[in-house]
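Chain by chain, the residues:
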Number of protein chains: 2
Amino acid sequence: MVDLRAIDRSSTTDRVAGALREMLFAGDLSPGEPLREVSLAEGFGVARSTVREALQVLSGEGLVTRYPNRGVVVTELSEHDIGEIFEARLVLESAGVRAGATGADLTPVAAALATYAEAAQADDQVVATHAHLEFHTSLVALLGNARLVAGADVLTADLRLALASVERARRNARSQVADHRRLLTLMRSGDPDSALAELERHLRAAAVSVTERVVGA
Amino acid sequence: MVDLRAIDRSSTTDRVAGALREMLFAGDLSPGEPLREVSLAEGFGVARSTVREALQVLSGEGLVTRYPNRGVVVTELSEHDIGEIFEARLVLESAGVRAGATGADLTPVAAALATYAEAAQADDQVVATHAHLEFHTSLVALLGNARLVAGADVLTADLRLALASVERARRNARSQVADHRRLLTLMRSGDPDSALAELERHLRAAAVSVTERVVGA
DNA sequence: AGACAATTATTGTCCGACAACCGGAGTGTG
DNA sequence: CACACTCCGGTTGTCGGACAATAATTGTCT
């Protein structure tokens, strides 16, 4: 018996948006690069209107920016933007950590960390990056609020966009994992203030690290 | 000299989306009501593709929900959704209040409150509601983070949607204003914990009030 | 009544068209 | 040479129409 849910029920627009999203995350398209409707339509073999709809959803996600009458370009993030993203993440994740340090079930966080550690050990960059982001998202998820998680996902996506344009390898994956493990331990020990301080320290360090790499690119 | 920025540079799509948004906030369209592309196109005198684009932006804002192959309906908020919205606002506004109680410039907050009080005194519901929402947004704005403000705006819009379907009049506008004034005073006094407690109390009360009215509608 | 077929309404996607608009290349003028 | 103006090609914004795919509804048969 075939799993009927497995058949592709997505719309063409969704698939085009998905393909573009992958290209953006993979760094195939550099920030500032214009996305021409006709060439994309020809490239994907779809109608221009379909491409327009796909671009609209991506612009809703902030991955591309629409300039009226001039088209759509891959969103360029300034140093200021990156600072904002990390500050916003700090707000959301702090709330999550507070929940985590005061009773919420930490299983998903631990699971993400385990995957992260494993991938870092095996030097699998793709999986490691994914698990790393998943770890942070799972912090927000501790609040059990789908809207906040959605907001965090948008921030994460924007960040991935910035990272895609620079070198991806993290030299210090080990120490990174240790950082996250420390945070989880503090949450488990039920010490909110220490856990929050650790989160803030970690995010600030990450912010400067990302900023350096972006401006240096 | 004419203000050149005053000339209308908006696209047809923007205007259609704006018109629909107004209708949604005004309660002209009830939650669950389907929005047919052809009738809207005829009604506005625009092409169907233009209506589709407008609906896409609204669905990005969460005001309408798209069901594949079945169209778009005005988003219906469950009791659970309303709880989530208020919880999410609590997270964002708490961060703002914390900033406000520790140094940020409270002028915009005070300005919104003044407008609110004035409108409540004059029994101007429309202005009062707007100023009230502005007050809460200005709390988030204390963080100086455009992304968080944008997130708060989306939450506010969703809430307006829920409120549009029920009676809008607030019988106790005076005590509402007093509530907000108290919060501002606490922030000014530089007492974060008390201010945060007051915010939480206020939002929780508002949540049950809104929930009651929505489920009772 | 319930399973099944036929009908209809609506969306999803495509195509082609054209005006409006933008940026740049060329042109003229002081 | 600097500046303003005009023209032009490429692109977007919007339109109208078309048709297949899908879902909802109605009608039919057992």
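To be clear, the structure that these remarks concern was listed above.
Student: What exactly am I supposed to notice about the protein's contact with DNA strand D here?
Tutor: Taken together, 15 residues are adjacent to DNA strand D, and G71 of chain A together with S11, T12, A47 and T50 of chain B come closest. Secondary structure elements with two or more residues in the surface near DNA strand D: helix 2 (37-44) of chain A together with helix 1 (12-26) and helix 3 (48-60) of chain B. Of the residues in the surface near DNA strand D, the class split is 4 nonpolar, 8 polar and 3 charged.

Student: Quick question: what am I supposed to make of unusual backbone geometry here?
Tutor: Among all residues save glycine, negative phi is the norm, and among peptide bonds the norm is trans. Residues and elements named next belong to chain A. One non-glycine residue with positive phi stands out, namely N69, at about 65°. With respect to the helices, strands and loops of the structure, N69 is situated in the loop between strand 2 (64-67) and strand 3 (71-74). Given 7 C-beta atoms within 10 Å, N69 falls into the exposed group.

Student: Looking at this model, I keep getting lost on the protein's contact with DNA strand C. Mind explaining?
Tutor: Contacts to DNA strand C come from 16 residues, most closely from S11, T12, A47 and T50 of chain A together with G71 of chain B. Contributions of two or more residues to the surface near DNA strand C are made by helix 1 (12-26) and helix 3 (48-60) of chain A together with helix 2 (37-44) of chain B. Here the residues of the surface near DNA strand C sort into 4 nonpolar, 8 polar and 4 charged.

Student: Help me understand the sheet that holds strand 2 (residues 64-67) of chain B in this model?
Tutor: Strand pairing in a sheet relies on backbone hydrogen bonds. The paired strands run either parallel or antiparallel. Residues and elements named next belong to chain B. Pairing is antiparallel in the open sheet, where 3 strands are placed in the order 1-3-2. The sheet is open, and its two borders are formed by strand 1 (34-35) and strand 2, each paired with just one other strand. Inspection of the sheet shows strand 1 paired to strand 3 (residues 71-74) by 2 bridges, in the antiparallel sense. Bridge assignment links P34 to a residue of strand 3, and that residue is V73. Running over the sheet, helix 3 touches strand 1, strand 2 and strand 3 and is turned about 110° from strand 2.

Student: Would you explain the interface of chain A and chain B in this entry?
Tutor: Many structure descriptions define interface size as the accessible area lost when the parts assemble. Opposite the 20 residues of chain A that make contact, chain B presents 20 residues. Mapped by element, the contributors of at least two residues to the side of chain A that touches chain B are helix 3, helix 4 (79-101) and helix 7 (146-164) of chain A. Ranked by the residues each element gives to the side of chain A that touches chain B, the list is headed by helix 4 of chain A, at 7 residues.

Definitions and cut-offs
- Residues numbered from 1 in each chain as written.
- Chains lettered and ligands numbered in written order.
- Predicted model: local features only at pLDDT ≥ 70, side-chain atom pairs only at ≥ 80, totals over all residues.
- Near = placed C-beta within 6 Å.
- Helix = DSSP H or I, 4+ residues; strand = E, 2+ residues; numbered from the N terminus.
- Nonpolar A, V, L, I, M, F, W, Y, C, P; charged D, E, K, R; others polar.
- Buried ≥ 20, exposed ≤ 12 C-beta atoms within 10 Å, placed from the backbone.
- Pairing = 2+ DSSP bridges.
- Contact = placed C-beta atoms within 7 Å.
- Axes fitted to C-alpha atoms, helices over the stretch in contact; angles between N-to-C directions.

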